[in-house]
Amino acid sequence: MIRNKDMVGAFESIHLLRKLFVRRISETSPLHFSQVAIMKTIEQNENCTQSTIAERLCVTPASVAVSTKRLQKAGLITKTVDSDNQRCKRLALTEKGREAIEHHISLFRDYDELVFSDLTEDEKEKLMEVLGRMISRMKEIEGIEGEFSDTLKLQCILHKRMTELEKE
């Protein structure tokens, strides 16, 4: 009989192994893990504002301002003043930024290919079904409502909730 404790231990091991991978690639990538979400949002919404990013990622405008300042200093994004509103800055990726995000994403894509290479398509489908049911049940227990077809949005909400709890 498989104990719940053993399954939870397996999930925690997967989580920690993934964190080790993220830490390892962070040493060779010009991007911090949190900056990837900001840059992907800029890529998908060219010439967006910092407030758009904050809203989409469920983070504070101040944290976006700090990150975008660093990204601009590193030459990964540009900020231009909006012609209609002088206080508003529009964000865009530079060529160096596009290359950095593609490099970073390719590292994850390659890693994920290796991790899941031993699973058949049928096993992947079954695993996704089971994980989906677990996520639904855990959201219900935690009082998180709504369907999230975009996993990034759910992750942003969960991260925000964790940050709020840590402040208490």
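Residue indices follow the written sequence of each chain, beginning from 1 at its first position. Local features are withheld for residues below a pLDDT of 70 in this predicted model, meaning they are given only at 70 or higher, and side-chain atom pairs are given and counted only at 80 or more; totals for whole chains, interfaces and linings count all residues. By convention in this description, side-chain values take in all heavy atoms of the structure and omit both hydrogens and water.

A.B. asks: Residue-level account of the environment of glycine 146, with values.
C.D. replies: Under the DSSP-based scheme used, a helix requires at least four consecutive residues in state H or I and a strand at least two consecutive residues in state E, with every element numbered from the N terminus. Among the secondary structure elements, glycine 146 is positioned in the loop between α6 (121-142) and α7 (151-167). Residues glycine 146 and serine 26, 120 residues apart in the sequence, show an inter-C-alpha distance of 33 Å.

A.B. asks: Go over the packing of helix α3 (residues 50-57) against α7, please, and point to the residues and values.
C.D. replies: Inter-axis angles, ranging from 0 to 180 degrees, are taken between N-to-C directions of lines fitted to C-alpha atoms, where helices are fitted over the stretch in contact. Relative orientation of the contacting elements α3 and α7 amounts to 85 degrees, with a least axis distance of 8 Å. Considering their axes alone, α3 and α7 lie roughly perpendicular with respect to each other. Packed against α3, whose contacting residues are Glu55, Arg56 and Leu57, the element α7 presents Leu152, Lys153 and Cys156 at the interface. Looking at side-chain class alone, the contact of α3 with α7 contains 3 nonpolar, no polar and 3 charged residues. Each angle gets one of four labels, with under 35 degrees taken as roughly parallel, over 145 as roughly antiparallel, 65 to 115 as roughly perpendicular, and the rest as oblique. Contacts: residue pairs with any heavy atoms within 4.5 Å of one another. We call Asp, Glu, Lys and Arg charged. Ala, Val, Leu, Ile, Met, Phe, Trp, Tyr, Cys and Pro are nonpolar, and the rest, Gly among them, are polar.

A.B. asks: Lay out unusual backbone geometry with the relevant residues and their values.
C.D. replies: Located in the positive-phi region is asparagine 47, a residue other than glycine, with phi close to 65 degrees. As for its placement among the helices and strands, asparagine 47 is situated in the loop between α2 (33-44) and α3. Only protein chains enter the area calculation, which uses a 1.4 Å probe; residues under 20% of their type maximum are buried, those over 50% are exposed, and those in between are partly exposed. Judged by its relative accessible area of 39%, asparagine 47 falls in the partly exposed class. Positioned with a positive phi, cysteine 58 is a non-glycine residue whose angle comes to about 60 degrees. Here cysteine 58 shows up in the loop between α3 and α4 (61-73).

A.B. asks: Summarise the pattern of salt bridges; cite the residues concerned and give the values.
C.D. replies: Take a side-chain nitrogen of Lys or Arg and a carboxyl oxygen of Asp or Glu: if they are within 4 Å of each other, that pair is a salt bridge. Per the counting criterion, the structure on display carries 9 salt bridges. In this structure, aspartate 112 and arginine 18 form a salt bridge, with 2.4 Å as the shortest nitrogen-oxygen distance. Within this pair, whereas aspartate 112 is found in helix α5 (residues 95-116), its partner arginine 18 is found in helix α1 (residues 4-26), the two being separated by 94 residues in sequence. The exposure class assigned to aspartate 112 is partly exposed, which follows from its relative accessible area of 25%. Assessed through its relative accessible area of 30%, arginine 18 is described here as partly exposed. With a closest N to O distance of 2.8 Å, arginine 109 and glutamate 102 form a salt bridge.

A.B. asks: Could you give an account of α2, with specific residues and numbers?
C.D. replies: Its 12 residues place the ends of α2 18 Å apart at the C-alpha level, agreeing with the 16 Å of an ideal helix rising 1.5 Å per residue. Within α2, burial applies to Gln35, Val36, Ile38, Met39, Thr41 and Ile42. The span you would expect from a helix comes to 1.5 Å times its residue count less one.

A.B. asks: Got a sec to walk through the packing of aromatic side chains? Specific residues and values, please.
C.D. replies: Pairs of aromatic rings are described using the distance from one ring centre to the other and the angle between the two planes. Between the rings of Phe, Tyr and Trp (Trp by its six-membered ring), a pair exists once the centres lie within 6.5 Å; its type follows the angle of the planes, with under 30 degrees stacked, over 60 edge-to-face, and the other angles tilted. In total, this model carries 2 aromatic pairs according to the counting rule given. Ring centres 5.1 Å apart and planes at 85 degrees place the aromatic pair phenylalanine 21 and phenylalanine 108 in the edge-to-face group. Separated by 87 residues along the polypeptide, phenylalanine 21 in helix α1 and phenylalanine 108 in helix α5 bring together distant segments of the chain. Since its relative accessible area comes to 4%, phenylalanine 21 is described here as buried. Judged by relative accessible area, which is 12%, phenylalanine 108 ranks as buried. Relative to tyrosine 111, the ring of phenylalanine 21 has its centre 3.8 Å away and its plane inclined at 10 degrees; by these criteria the two rings are stacked. Of the two residues, phenylalanine 21 sits in helix α1 while tyrosine 111 sits in helix α5, which places them 90 residues apart along the sequence. Feature note: the residues Phe21, Phe108 and Tyr111 constitute an aromatic cluster, connected by ring pairs.

A.B. asks: Before we move on, could you go through α6 and cite the residues and values that matter?
C.D. replies: The first and last C-alpha atoms of α6 sit 31 Å apart over 22 residues, in line with the 32 Å expected at 1.5 Å per residue. Positive backbone phi, approximately 75 degrees, marks glycine 143, located one or two places after α6.

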